Amino acid sequence: MSISSVPEPPQPTSQRPRQEKAAHWCRSYGLLARWTLMRLRSFVPLMVIVQVILSVSIVFGFAFLNPGIDADPEGALFLSTGAPTLALIAIGLGIAPGQVAQQKAQGILDYQRALPVPRTATLAAEATVWVGIALPGVAAGLWAATLRFDLELQIHPLLAPALVLVALTCLAVGYGIAYTVPPMVVQVVTNLLLFLALLFSPVNFPADRLPGWLATAHTFLPFAYMAQVIRESLAPPPEGISVLPFAVLSAWCLLGLTLAHWVMNRRG
């Protein structure tokens, strides 16, 4: 018998279900991402434009509110790196949860729950589309900052993981709220969080400018850590990039995804 005619050994039966599940997950993810993009096709261009305007406006608008920022390198750095952070927060904690609330009100969420697809594939597909919508705003914010403050940013290899982690954390928390809270209340809660992130979080300014109790509260909330991982990835400090912000954001991300996944699997 020739070597070419020797049959290949059969794969262990324990590996077949894993491979089939992986193939089913990937196919479901691709189809759901395409469906989500088609469902939002008239909405995507507008949101990209809004994200770009928001990021650029934060850089130039907040600079008008603080005329002495040109002589404050730390303040300029916080504002420059805070703009892309707020762009991600606006998508993950504002726009995306609002869309989920509409899906719940229109019955789309019940339709998604009835589909024979993994729930994680549904969440991953929607997250991919929202991250894609947010990226132009992030790039525009960084471009506006370098133009306005003449900054020389040192892009660290951790920048891409930092951006992805911040985006996923925002989406996870936003989805956790949107899937749990009644649709009529989602907009109120998310607007309150956006208000907190924009004006009362150490995203665009150092934490020492806040009252002590509020600065302490932000050691538990994710907003300051979101800004920190992006800021340190664009301007690494001499002591190196901190691990704690990545750990805290990972915990918040896991919490939000677990809550959203539990609601999607809940019957009734």
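- The chain is annotated in an unreviewed UniProt entry as ABC transporter permease of Lipingzhangella rawalii.
- The record held by UniProt for the chain lists under Subcellular location (unreviewed entry) the comment "Membrane".

1. Some words on the packing of aromatic side chains
Then, number 1: As enumerated under the stated definition, the model contains four aromatic pairs in all.
Then, number 2: Measuring from ring centre to ring centre gives 5.7 Å for Y175 and Y179, while their planes differ by 85°; the resulting arrangement is edge-to-face. Within this pair, Y175 and its partner Y179 are both found in helix α6 (residues 159–180), separated by four residues, close to a single helical turn. For the residue pair Y175 and Y179, the accessibility class agrees, reading buried in each case.
Then, number 3: Between the NZ or CZ atom of R39 and the centre of the ring of W35, over which it lies, the distance is 5.1 Å.
Then, number 4: Above the ring of F78, the side-chain terminus of R231 is found at 4.0 Å from the ring centroid.

2. Re the side chain of T36
Then, number 1: Structurally, T36 can be placed in helix α1 (residues 15–39).
Then, number 2: You can call T36 buried: its relative accessible area is 2%.
Then, number 3: Aside from chain neighbours lying at most four places away, what touches T36 is E126 and V129.

3. Considering helix α3 (residues 73–106)
Then, number 1: With 34 residues, α3 ought to run about 50 Å at 1.5 Å a step, and its terminal C-alpha atoms sit 49 Å apart, in line with that.
Then, number 2: Remark: the principal bend of α3, roughly 30°, maps to I91.
Then, number 3: Taken across its 34 residues, α3 has 26 buried, putting it largely inside the fold.
Then, number 4: Count one or two residues on from α3 and you reach G107, which has phi positive near 85°.

4. Topic: the UniProt feature "domain: ABC-2 type transporter transmembrane" (unreviewed entry) in the chain
Then, number 1: Per the UniProt annotation, the sites labelled "domain: ABC-2 type transporter transmembrane" (unreviewed entry) are residues 41–233.
Then, number 2: From the first C-alpha to the last, residues 41–233 spans 32 Å; its make-up is 78% helix and 0% strand.

5. Observations regarding the UniProt feature "transmembrane region" (unreviewed entry) in the chain
Then, number 1: Mapped onto this numbering, the UniProt entry annotates "transmembrane region" (unreviewed entry) at residues 43–65, 77–96, 127–146, 158–178, 184–203 and 242–264.
Then, number 2: Taken end to end, residues 43–65 has its terminal C-alpha atoms 32 Å apart, with 96% of it in helix and 0% in strand.
Then, number 3: Within residues 127–146, the helical portion is 100% and the strand portion 0%, while the C-alpha atoms at the span's ends are 28 Å from each other.

6. Looking at the state of the cysteines
Then, number 1: Inspection of the entire model under this criterion finds zero disulfides.
Then, number 2: The structure places no disulfide on C26, whose sulfur is separated from the nearest cysteine sulfur, that of C253, by 19 Å.
Then, number 3: C253 provides the cysteine sulfur closest to C170, a residue in no disulfide bond, and the two sulfurs are 9.5 Å apart.
Then, number 4: By relative accessible area, which is 0% here, C170 ends up buried.

7. A short note on the environment of H24
Then, number 1: When you line up the elements, H24 lands in helix α1.
Then, number 2: By relative accessible area, H24 is classed as partly exposed at 39%.
Then, number 3: C-alpha of H24 to C-alpha of V117: the two residues are 93 residues apart in sequence and 7.9 Å apart in space.
Then, number 4: Leave out the neighbours within four places in its chain, and H24 touches P116, V117 and P118.

The rules behind each value
- Per-chain numbering applies: the sequence of each chain, read as written, is numbered from 1 onward.
- Per-residue local features are limited, in this predicted model, to residues with pLDDT of at least 70; the limit for side-chain atom pairs, both in listing and counting, is 80 or more; totals at the level of whole chains, interfaces and linings are taken over all residues.
- Only hydrogens and water are removed before side-chain values are computed, so all heavy atoms of the structure are retained for them.
- UniProt positions are given in the numbering used here, feature names are shortened, and annotations may be inferred rather than shown by experiment.
- Working definition: a ring pair exists when centres of Phe, Tyr or Trp rings (six-membered ring for Trp) sit within 6.5 Å. Plane angles under 30 degrees give stacked, over 60 give edge-to-face, the rest tilted.
- Only DSSP runs of H or I with at least four residues qualify as helices, and only runs of E with at least two residues qualify as strands; both kinds are numbered from the N terminus onward.
- Residue exposure (1.4 Å probe, protein chains only): buried if accessible area is under 20% of the type maximum, exposed if over 50%, otherwise partly exposed.
- Each ring is checked for a lysine NZ or an arginine CZ that lies within 6 Å of its centre and within 35 degrees of its normal; such an atom marks a charge sitting over the ring.
- The contact rule is simple, with two residues in contact once any of their heavy atoms fall within 4.5 Å.
- In this analysis, the expected span of each helix is defined as 1.5 Å times one less than the number of residues it contains.
- Note that bend, as reported per residue, equals the angle between axes fitted to the 7 residues terminating at that residue and the 7 residues originating from it.
- By definition, disulfides here are pairs of cysteine sulfur atoms that lie within 2.5 Å.

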